[in-house]
Amino acid sequence: MGQENTTYKILDKIDSPKDIKTLDMGQLKELCAEIRHYMIECCSVNPGHLGSSLGAVELMVALHYVYDAPEDKLVFDVGHQAYAHKIITGRREAFRRNRMKDGISGFPKRSESEYDAFGAGHSSTSISAALGFAEAAKQQGLPHKAVALIGDGSLTGGLAFEGLNNAGASKADMLVILNDNNISIDKNVGGMHEYLLKITTDPRYNKAKKQVWDSLGDNWFRDMIQRFIATTKSHLVRNSGGHLFQAMGFRYFGPIDGNDLEQVISTLQKTKDMGGPRLLHVMTKKGKGYAPAEAEQTTWHAPGIFDPETGMRQKSSKGESRYQDVFGEVLLELARMNDKVVGVTPAMASGCGMNTLAKQMPERFYDVGIEEEHAVTFSAGLAAGGMKPFCNIYSSFSQRAYDQIIHDVALQDLPVVLCLDRGGLVGEDGATHHGCYDMAIYRTIPGAVIAAPKDETELKNLMFTAMNAEKGPFIIRYPRGYGEGTEWKTAEFKELKPGKGELLLEGTEIAVIAAGPFANRALEAAHDIKEKTGWNPAIYNIRYIKPVDEEILSEIARKFRSVVTIEDGCIIGGLHGVVSEFMASQSDPLPVRALGIPDRYISQGTQEELREECNLTAERIRICIQEEFEKNGEKDKKVLEIKN
Ligand SMILES: Cc1ncc(C[n+]2csc(CCOP(=O)(O)OP(=O)(O)O)c2C)c(N)n1
């Protein structure tokens, strides 16, 4: 294991799902083993979501064996479990460039393959989309089947319930496969989780069901009875498990072992043509077939680079100062300082750093499941009840809680602190996960405060300031990954008054206004420009997008000839919007040049590659600022020519 370009006896001949339909059971099992080996080989050098995909290999092979994609629609939830699907559907070699710039996406993507029936990345969408496919087929008299595959974690999301609720009552011909591996990224939580646990671990039910199933022998009679058990709302099924799904209108099957290929194939075959909404509950093991991934499932959800032989993961040489570490440590400190402070996360405790609070003060920590909308309204309730909630949501996932931020927090002036992690270009997760829109969309909300710290110390101080704010939402957005250093560890807490930015470097002619850590890149660029040309751009850290520092903007309007805005967010409506609107209100407005995320979707790549694409590296920033100086020089030349 671990050598690049290993040859595979069966997998190397699989170019489309048609190629697996001719294999016998022995060969299919061998194929599953080869797919696992190949995924480990590729992901060890080119990191990805390994754990979920390892657990779902048999499901993917069985689905493509029994169903006829692309006519039949296979809809994945989040899509991080679909690597085997990608490998089977003509992207075996392309998988070596999974999540890389100009490679394939780590998630299903319609524009990438006809086999990717529906794009994903954010959770809990598959049931609604599959229902849409089922109804579209019915409307058009097409025989195509619709299958949704959803994990037990993703099933906790509200949208999944909306889908179940609608599908159960619809009589649509669709299958929902509940891929239950008993874990989200961190441990799964909530009532639905407890319910699934009860179904899958109830020894009375499992024993009785297995006895009935096994005792039927291997013949047509067994098939008939199994079908009867499966299709009727039998006492056995109703009393033991699945009655929640049955009550919603689904026929419930399972739980079965989702890593037992034979069992999965035979169950899919039996249930394929039954019609109506069906739910098949399969149990799988996250990380299946690779001991380190089975043993530490949270770590191996997305393990980074590792040695496939030993399972040793590559550690970062940069030490422990990611924005996520800062958030975690500071939240704990604030919670110790103020007994009203609590942390709320929708299923991203380790991702955002809140596991630090969870470990030290579990009674002040809430993991609510993959429920961003609920996380916000729950936080609003906590705030209304007198607490000081710090609700941390990844910027792109917060988009689905837009209404709750307006309706439940802002409209009621409730002091909820919303920490939006992964603001800006996140890198390899690509278009679904970039936090591009936060500054632009939340800026429209009356009363919202929106801050973007330029470094970790500022994140610390903004969290402190937010803790003392009497109204909300107080939004702090910051990027994924490493910041500037470790000064934050020893820095004293300091209030940073909302609406106050800062001048970082005096200058003339061109004023550069930056949001977030790009202020530091702008500084780098300015020093470079000065050295190379003698020109001096002024650099401002705006810090608050809302309320914006109008004193700074007025000063700029008076003193400079043009402005460059820099932000790790969409140009439309963000910092560029703020500054342009202000300048437009002036009697002699300055031209504003925008550097930021353009009006299109940015795919995957390293953060640095994507910043290059969006003119956001120090070098690209330098070139753009220099161009502005040159433009001014050209203008001056023209004026001189006209005068002469
Ligand atoms: C709306 C949204 N919130 C959070 C996430 C981050 N996330 C990705 S996978 C995952 C866990 C999903 O658990 P489950 O559905 O059980 O799948 P598993 O990883 O166990 O296969 C989470 C929380 C997301 N993709 N979308």
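Peer 1: In this structure, what is going on with the overall build of the protein chain? I would like to understand it.
Peer 2: On a plain count of helices and strands, the protein chain comes out with 26 helices and 17 strands. The C-alpha radius of gyration computed for the protein chain amounts to 27 Å, which stays within 12% of the reference 26 Å derived for 644 residues, consistent with globular compactness. With respect to the principal axes defined by its C-alpha atoms, the protein chain has extents near 100 × 55 × 50 Å. A buried classification covers 53% of the 644 residues belonging to the protein chain.

Peer 1: Even after reading the chapter, I still don't get the site of the ligand, so can you show me in this structure?
Peer 2: Near the ligand, the surroundings consist of 19 residues, among which Ser52, Ser123, Gly151, Gly153 and Ser154 are the closest. Across the shell around the ligand, the residue classes break down as 6 nonpolar, 10 polar and 3 charged.

Peer 1: Could you clarify how one ought to interpret the environment of Asn632 in this entry?
Peer 2: Relative to the helices and strands, Asn632 is located in helix α26 (residues 618–643). Judged by C-beta crowding, with 17 C-beta atoms within 10 Å, Asn632 ranks as partly exposed. As a C-alpha pair, Asn632 and Glu509 span 123 residues in sequence and 8.3 Å in three-dimensional space. Dropping the residues within four chain positions of it, Asn632 is found in contact with Glu509, Arg561 and Ser562.

Peer 1: For this particular structure, what's the right way to read unusual backbone geometry?
Peer 2: Excluding glycine, a negative phi dihedral is what most residues carry, and trans is how most peptide bonds are arranged. With an omega dihedral of 0°, the bond running from Gly254 to Pro255 counts as a cis peptide bond. Summarising the element assignment, Pro255 is placed in strand β4 (residues 251–257). Lys546 connects to Pro547 through a cis peptide bond whose omega is -10°. Among the secondary structure elements, Pro547 is positioned in the loop between β15 (544–546) and α23 (550–559). One non-glycine residue with positive phi stands out, namely Asn182, at about 65°. You will see that Arg543, though not glycine, has its phi angle at about 60°, which is positive. For Arg543, a count of 26 C-beta atoms within 10 Å corresponds to the buried category.

Peer 1: What's the story with helix α22 (residues 518–533) in this structure? I'm lost.
Peer 2: For an α-helix the count is 3.6 residues per turn, leaving residues at separations of three or four pointing the same way. Taking 1.5 Å as the rise per residue, α22 with 16 residues should run 22 Å; its terminal C-alpha atoms sit 22 Å apart, in good agreement. Taken residue by residue, α22 has Phe518, Ala519, Arg521, Ala522, Leu523, Ala525, Ala526 and Ile529 as its buried positions. Buried residues in α22 make contact with β12 (502–505), β13 (510–514), β14 (538–541), β16 (562–570) and α26. Two residues or fewer after α22 comes Gly534, characterised by a positive phi angle close to 85°.

Peer 1: Hey, could you run me through the nonpolar core in this one?
Peer 2: Side chains that are nonpolar tend, in soluble globular proteins, to be buried together. In terms of nonpolar packing, the biggest core is built from 107 residues, with Val512, Ala514 and Ala522 touching the most fellow members. At 8 residues, the largest contribution of residues to this core is made by helix α14 (residues 323–337). Inspection of this core shows a minimum of three residues originating in each of domain 2 (323–489) and domain 3 (502–643). Grouped together as the second largest cluster of nonpolar side chains are 77 residues, Ala82, Ala84, Met174 and Met283 included.

Peer 1: Which parts of the structure should I look at to understand the domain arrangement of the protein chain?
Peer 2: Accessible area lost when the parts come together is the quantity often used to give the size of an interface. Each assigned domain of the protein chain is listed here: domain 1 (11–202 + 241–301), domain 2 (323–489) and domain 3 (502–643). On the side of domain 3, 31 residues touch domain 2, which itself brings 28 residues to the contact. Broken down by secondary-structure element, the contributors of at least two residues to the side of domain 2 that touches domain 3 are α20 (438–442) and β10 (449–451). Residues of the side of domain 2 that touches domain 3, tallied by class, amount to 14 nonpolar, 7 polar and 7 charged.

Peer 1: What is the right way to look at the confidence of the model for the protein chain in this model?
Peer 2: Low-confidence regions, as indicated by low pLDDT, have predicted coordinates that should not be scrutinised in detail. Of the residues in the protein chain, 93% reach a pLDDT of 70 or more, and the chain-wide mean stands at 93. Scored below 50 in pLDDT, residues 211–221 makes 8 contacts in the model with residues more than four places away or belonging to other chains. A low-confidence stretch, residues 231–239 (pLDDT under 50), is modelled with 14 contacts involving residues beyond four sequence positions or located in other chains.

Peer 1: What's the story with the environment of Ala401 in this structure? I'm lost.
Peer 2: As for its placement among the helices and strands, Ala401 is situated in the loop between α18 (395–398) and α19 (402–409). Taking the number of C-beta atoms within 10 Å as the measure of exposure, Ala401 has 23 and is therefore buried. For the pair Ala401 and Val512, spaced 111 residues apart in sequence, the C-alpha to C-alpha distance is 32 Å. Ignoring sequence-local partners within four residues, the contact set of Ala401 consists of Glu372, Glu373, Val376 and Ile393.

Definitions and cut-offs
Residues numbered from 1 in each chain as written. Predicted model: local features only at pLDDT ≥ 70, side-chain atom pairs only at ≥ 80, totals over all residues. Helix = DSSP H or I, 4+ residues; strand = E, 2+ residues; numbered from the N terminus. Rg over C-alpha atoms; globule rule 2.2 N^0.38 Å. Buried ≥ 20, exposed ≤ 12 C-beta atoms within 10 Å, placed from the backbone. Near = placed C-beta within 6 Å. Nonpolar A, V, L, I, M, F, W, Y, C, P; charged D, E, K, R; others polar. Contact = placed C-beta atoms within 7 Å. Expected span 1.5 Å × (residues − 1). Core = buried A, V, L, I, M, F, W, Y, C linked by C-beta atoms within 7 Å. Domains from an automatic or database assignment. pLDDT = per-residue confidence, 0-100.

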